[in-house]
Amino acid sequence: MQKDPFIKSLQDGRNVWLDGKKIDITKDENFTGTLAAISELFAMFGDPKLRDKVGYLSPKTMEYVHSAFYVPESYEDLLKRRTAFEIWSQSTDGVMSRLSDYARSRLTGWYASREDYRAFDKAFPDKIRSYYEEARDRHLFLSLVQRDPQINRSDSQLKNIEDLGLLRITKKTSDGVFLSGAKMIGTASPYSNDIIVYPVGHLKEEHKPLAHMLIVAAHSPGLHLVCRESCAATPPNKADAPLSASYDEMDALLLFDNVFVPWERVLLYDNPEAIAKINTDPVSNSLAYHQAIVRLLNKLEFVTAIGFEIAEAIGADGYLHVQEKLGELIMQVETIRALVIASEREGSLNPYNTFVPNFTYIQTARNLGPKYYPRALEILQLIGAGGFIQLPSSLQDFQGPLSSLLQKYLVGATVDAEKKTKLFKLAWDLVGSPLGSRHELYERFYAGDPIRNIAVQYSTYDKQHLQERIQKYLQ
Ligand SMILES: Cc1cc2nc3c(=O)[nH]c(=O)nc-3n(C[C@H](O)[C@H](O)[C@H](O)COP(=O)(O)OP(=O)(O)OC[C@H]3O[C@@H](n4cnc5c(N)ncnc54)[C@H](O)[C@@H]3O)c2cc1C
């Protein structure tokens, strides 16, 4: 697949708002780096050396499609999926989290277990099969949005659906449904082709109008994608913030103003029970979070490598406490790696012949992420210290009249001044830039409230086998 089809597909009149203006993201320099990075990933399907690693042949078109759509039937199939995630993560240093492979994996999970939903809605299996095939074969870039806008999180919040802007079906016709309300946050939604929309949690019977699962085209009239502040470094600062220049995955608030969705894209509606099942679907959860923890592993490896380089560059790597901190980074990496491997090794076949990675290990790695990543950044800060701040504002200073002085006084223990400045600027892009702060928040919250996620791990854990071990002392 060539670059152009993806970029071209975004020139569809979509309502993307940035800094008070409706923009064409394919022409706006805040999106140049991000879209170029994604185009390069999409181009891998046309590369004979890479296409077998990131993809497989669609049984329908016999063309290469992304392995996130691959329904695993064996341990080896899980490894195939992992390889594809690794290559895309490594290409973006784990910094682009939502490259569509997470949403594609969720879709693949629901598709694989589609028969479980026939009892809720007999049209569901056919609708999801048809959409899954279309998304796979047309290389659709997908994102996913679940949360309601943060207005009032008290227990009583669901009593006042309209005032709280909750996304609801306001009208049904023979052709489809109309939606009004809002959703937060749609990472990558400004450059998605379609957005999968459904609510999180367990809704009650009286909340039927909220209990839907829909595929919404990002260019739908009435859908407004309101971007957060851009973190993208644009010229002349690109070289000073290399990650911000290429990997600012944009987040947006989604405003729905009477948005029409045809019935074939309304996968479920007025169905709190089915939505609860969608949220807890073991295949969809395992396949999606398998991608998420492979990406986390790559990102932690990247941070760890930066930590090693910084410690060496300033000659601090010989100190015991610095070694202890670098060792902690290694432990983070190897713990997540071990959990990825364990989740695959201890995967199992479900009744629909899908080989599902073990969720306990995946959940453990996912729940460690919000603790590990902020700590990894803290370690970079503790080792780099004031070194992040003594840098000149731009690498261009090395071309100016102070060049020889900068070469002399910014030199490192093992590297020249320019290389050391590049290294510290790369690290600053993770620990101090707007992009870096956004990433820290992302790792804390992308999977939901980390506190409640860990509490769920406790409440859903099979505790009996542990509790039995102390029974002999209690007789
Ligand atoms: C960078 C970033 C990207 C994201 N991308 C996406 C995306 O692509 N798709 C998507 O769907 N979501 C996305 N999210 C949203 C994410 O899922 C939410 O941020 C997360 O679920 C937490 O919800 P919240 O932000 O509404 O926090 P809130 O739920 O408002 O929580 C705020 C505080 O109140 C506490 N609190 C609130 N309610 C309760 C309760 N009932 N019990 C106990 N404590 C409570 C929380 O613990 C927290 O301390 C993204 C978030 C971030 C930060």
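Under an unreviewed UniProt entry, the name given to the protein chain is 4-hydroxyphenylacetate 3-hydroxylase, and the organism recorded is Fictibacillus marinisediminis.

*Asks:* Help me get a handle on the sheet that holds strand β12 (residues 266-268), residues and values and all.
*Replies:* One open sheet holds the 4 strands; their spatial order is β5-β8-β9-β12, and the pairing between them is mixed. One side of each edge strand has no neighbouring strand; the edge strands of this open sheet are β5 (142-145) and β12. Neighbouring strand axes in the sheet, compared pairwise and without regard to direction, differ in orientation by 20° on average. Two strands pair when backbone bridges link them, and strand β9 (residues 213-217) and β12 are joined in this way by 2 bridges, in the antiparallel orientation. The residue bridging leucine 214 from the neighbouring strand is valine 266, located in β12.

*Asks:* Explain unusual backbone geometry residue by residue, including any values.
*Replies:* A cis amide bond links methionine 184 to the next residue, isoleucine 185, at an omega of -10°. For isoleucine 185, the location among the structural elements is in the loop between β7 (176-183) and β8 (194-197). A positive phi angle is found at histidine 139, which is not glycine, with a value near 55°. As for its position among the elements, histidine 139 is in the loop between α6 (124-137) and β5. Residue class for histidine 139 comes out buried when judged on its relative accessible area of 10%.

*Asks:* Residue-level account of the packing of aromatic side chains, with values.
*Replies:* Taken as a whole and judged by the stated rule, the model has 19 aromatic pairs. With a centroid separation of 6.0 Å and an interplanar angle of 25°, the aromatic rings of phenylalanine 42 and tryptophan 88 are classed as stacked. Of this pair, phenylalanine 42 sits in helix α2 (residues 29-43) while tryptophan 88 sits in helix α4 (residues 75-91), and the two are 46 residues apart along the sequence. The residues phenylalanine 42 and tryptophan 88 share a single accessibility class, namely buried. Note on tyrosine 102 and tyrosine 289: the rings are 5.7 Å apart at their centroids and 65° apart in plane angle, and the pair reads as edge-to-face.

*Asks:* Residue-level account of the pattern of salt bridges, with values.
*Replies:* In total, this model carries 28 salt bridges according to the counting rule given. Measuring nitrogen to oxygen at the nearest pair gives 2.7 Å for the salt bridge that ties aspartate 248 to arginine 228. Pair noted here: aspartate 248 is in the loop between α7 (242-246) and β11 (252-262) and arginine 228 is in the loop between β10 (223-227) and α7, with a separation of 20 residues, a long-range link. Per residue, the accessibility class of aspartate 248 equals that of arginine 228, and both read buried.

*Asks:* Please provide a residue-by-residue account of the packing of helix α5 (residues 101-112) against α6, values included.
*Replies:* Relative to each other, α5 and α6 sit at 140°, their axes nearing to 9 Å. Crossing of α5 over α6 shows left-handed handedness. Contacts between α5 and α6 pair Leu107, Thr108, Trp110 and Tyr111 from the former with Phe124, Ile128, Arg129, Tyr131, Tyr132 and Ala135 from the latter. Tallied by class, the residues present in the contact of α5 with α6 amount to 8 nonpolar, 1 polar and 1 charged.

*Asks:* How would you summarise the side chain of lysine 183 if you had to cite specific residues and measurements?
*Replies:* Within the fold, lysine 183 resides in strand β7. There is a polar contact of 3.3 Å between the side chain of lysine 183 and the side chain of aspartate 148.

*Asks:* Give a description of the packing of α5 against helix α9 (residues 282-313) that names residues and reports values.
*Replies:* Two numbers describe how α5 lies on α9: the axes approach to 7 Å, and their chain directions differ by 155°. When the axis of α5 is compared with that of α9, the two are roughly antiparallel. At the point where α5 passes α9, the crossing takes the right-handed sense. Two secondary-structure elements touch here, α5 through Asp101, Tyr102, Ser105, Arg106, Thr108, Gly109, Trp110 and Ala112 and α9 through Val283, Ser284, Asn285, Leu287, Ala288, Tyr289, Gln291 and Ala292. Here the residues of the contact of α5 with α9 sort into 8 nonpolar, 6 polar and 2 charged.

*Asks:* Give a description of the layout of surface pockets that names residues and reports values.
*Replies:* To find leftover empty space, a probe the size of one water molecule is rolled over the atoms. If you add up the space inside the second largest pocket, you get close to 350 Å³. Of the residues in the lining of the second largest pocket, the class split is 11 nonpolar, 5 polar and 6 charged.

The rules behind the values
- Residue indices begin from 1 for each chain and proceed along its sequence in written order.
- Whole-chain, interface and lining totals are the exception, using all residues; otherwise, since this is a predicted model, local features are given only for residues with pLDDT of at least 70 and side-chain atom pairs are given and counted only at 80 or more.
- To obtain the side-chain values, all non-hydrogen atoms of the structure were included, while hydrogens and water were left out.
- DSSP bridges decide pairing: two strands pair if at least two such bridges lie between them.
- Elements are defined by DSSP. Helices are runs of H or I of four residues or more, strands are runs of E of two residues or more, and each kind is numbered from the N terminus.
- Axis definition: a line fitted to C-alpha atoms, over the contacting stretch in the case of helices. Angles run 0 to 180 degrees between N-to-C directions.
- Note on exposure labels: buried denotes an accessible area under 20% of the residue type's maximum, exposed denotes more than 50%, and partly exposed covers the range between, all computed with a 1.4 Å probe on protein chains only.
- When the centres of two rings from Phe, Tyr and Trp lie within 6.5 Å, Trp using its six-membered ring, the rings pair. Their planes under 30 degrees apart give stacked, over 60 give edge-to-face, and anything left gives tilted.
- Salt bridge criterion: a side-chain nitrogen from Lys or Arg within 4 Å of a carboxyl oxygen from Asp or Glu.
- By the definition used in this description, the sense in which the near helix is turned from the far one sets the handedness, with an anticlockwise turn below a right angle giving left-handed and a clockwise turn giving right-handed.
- We call two residues in contact whenever any of their non-hydrogen atoms come within 4.5 Å of each other.
- Side-chain classes follow a simple rule in which Ala, Val, Leu, Ile, Met, Phe, Trp, Tyr, Cys and Pro form the nonpolar group, Asp, Glu, Lys and Arg form the charged group, and the remainder, Gly included, forms the polar group.
- Under this definition, polar contacts are N or O atom pairs within 3.5 Å; protein pairs additionally need one hydrogen-donor-capable and one acceptor-capable atom, and for neighbouring residues in sequence, both atoms have to be side-chain atoms.
- Roughly parallel refers to an angle under 35 degrees, roughly antiparallel to one over 145, roughly perpendicular to one between 65 and 115, and oblique to any angle outside these ranges.
- Cavity: a set of points on a 1 Å grid over the protein atoms alone where a 1.4 Å probe fits but cannot get out. Pocket: an open set with protein on both sides within 12 Å along at least five of seven lines, its lining residues, like those of a cavity, having an atom within 4 Å of a point.
- Grid points are joined across faces, edges and corners, and a volume is the space filled by probe spheres set on the points.

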